[in-house]
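Examining the three-dimensional arrangement
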Amino acid sequence: MEIVLSHLTKKFPARGKKNQKEVTAVNDVDFVIPDGKLVGLLGPSGCGKSTTLHLLCGLQKPTEGQILFGKEDVTPLPPEKRGVGMVFQNYALYPHLNVEQNIRFPLENLKGAEKLSKEQMRERVLEAAGLVQITELLDRKPAELSGGQQQRVAIARALVKLPRVLLLDEPLSNLDARLRLQTREEIRRIQTKTAITTIFVTHDQEEAMSISDLIVVMKDGVIQQTGKPQEVYDDPSNLFVASFLGTPPINLFEGRVQDGRLLLDKDAVLQVKGVPDQAVHVGIRPEGFLLQKDGSLSCAFVRREVMGRDVSIVSTHPASQAPSIRSIVDAESCQNLSGETVRFALHPRKVFLFDKTTGARIPCEIKER
């Protein structure tokens, strides 16, 4: 089911005497979610991603714009008429019902031609439970389940209706780190098997990038960039996107372009073509630092953090916008690292220039010295 959001806007009225301005939670959002894909809505808290999800499922009505499921305009339809399955952050399971009853509950509310017999409902429940691998838990109450098992029950309850669209609102935020990893892999497996168009809301960029076919990065209700996860990471459109994606985060510097060279403080680190002389924000991915004895960037060495296969080198530089710089290098390349100074060459494809005023990416050709 292809989903089209056309100039979607949601404004909330002013509240109280002190705040007389209405709040625009979603501002002219306009994009297409391809049929059968898993799309991650990504951004910090308050960026409008959950509001967008609520507009999609019909819990809230847009101030302006349209929502199309295929060629059908579902904007005026109530939630129960849209054919969506919703999984909330807090699971929202009924504590007095067992797993089977929780999964079956949406089917018991079907009426008219959609009404199912007990045998049909049982068959649907078993199919959904098998899909999320909880068939052996059908007799248990929610209190007897782990967090991951409760989340699977919530997903099964959303899938049992055979929805046209599956909506997931930060479904992993209540799980511990290892369980988050396992559950997100399960979500990807289920989505691939069912081929249901799925929208996954999260503020965790690692989650979104690991399982999504496409990601939509939002800030203040506005889409900043849309694309395949690796493409957005490698080619950010602005400073916000570059800073938001990446673990460890991108290293930011105050730099300047002068006579075709990129300067970080006194270090001329790269050649730049197509950019007039100006001050710029410079972003360098942690993996963009290459240890070299005669490297162009000289940093003050702080410490080395061993992470197994890779090593994180922590250093400082006068042009850095943060107190420290974090560089990811191969463990073997820094076995003999010592002294107060560490020098790096920079990988041109991992270096980005941004406008000092707007934060927009500056298109240019960057080469080694």
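Computed from a prediction, not measured in an experiment: that's the story for all the values here.

1. Section: the pairing of strand β6 (residues 84-87)
Here β6 shows a buried face lined by V84 and M86 and a second buried face lined by G85 and V87. Relative to strand β7 (residues 165-169), β6 runs parallel, the two sharing 4 bridges. In the sheet register, G85 faces β7, and the bridge partner there is L166.

2. What about the sheet that holds strand β5 (residues 72-73)?
Picture the strands of a sheet paired through backbone hydrogen bonds; they go either parallel or antiparallel. The antiparallel open sheet is built from 4 strands, whose spatial order is β2-β1-β4-β5. Two strands in the sheet have a free side with no partner beyond their single neighbour: β2 (23-33) and β5. When strand β1 (residues 3-12) meets strand β4 (residues 64-69), the two strands line up antiparallel, connected through 5 bridges. In the strand pairing of β4, T9 is matched with E64. Packing of helix α1 (residues 49-57) onto the sheet brings it into contact with β1, β2 and β4, and relative to β1 it is tilted by some 115 degrees.

3. Digging into the confidence of the model for the chain
For the chain, the mean per-residue pLDDT works out to 90, and 98% of the residues sit at or above 70. When the elements of the chain are averaged for pLDDT, helix α5 (residues 177-194) gives the smallest value, 84, and strand β20 (residues 351-355) the largest, 97.

Calculation criteria
Residues numbered from 1 in each chain as written. Predicted model: local features only at pLDDT ≥ 70, side-chain atom pairs only at ≥ 80, totals over all residues. Heavy atoms only, no water. Buried < 20%, exposed > 50% of the residue type's maximum accessible area, 1.4 Å probe, protein only. Helix = DSSP H or I, 4+ residues; strand = E, 2+ residues; numbered from the N terminus. Pairing = 2+ DSSP bridges. Contact = heavy atoms within 4.5 Å. Axes fitted to C-alpha atoms, helices over the stretch in contact; angles between N-to-C directions. pLDDT = per-residue confidence, 0-100.

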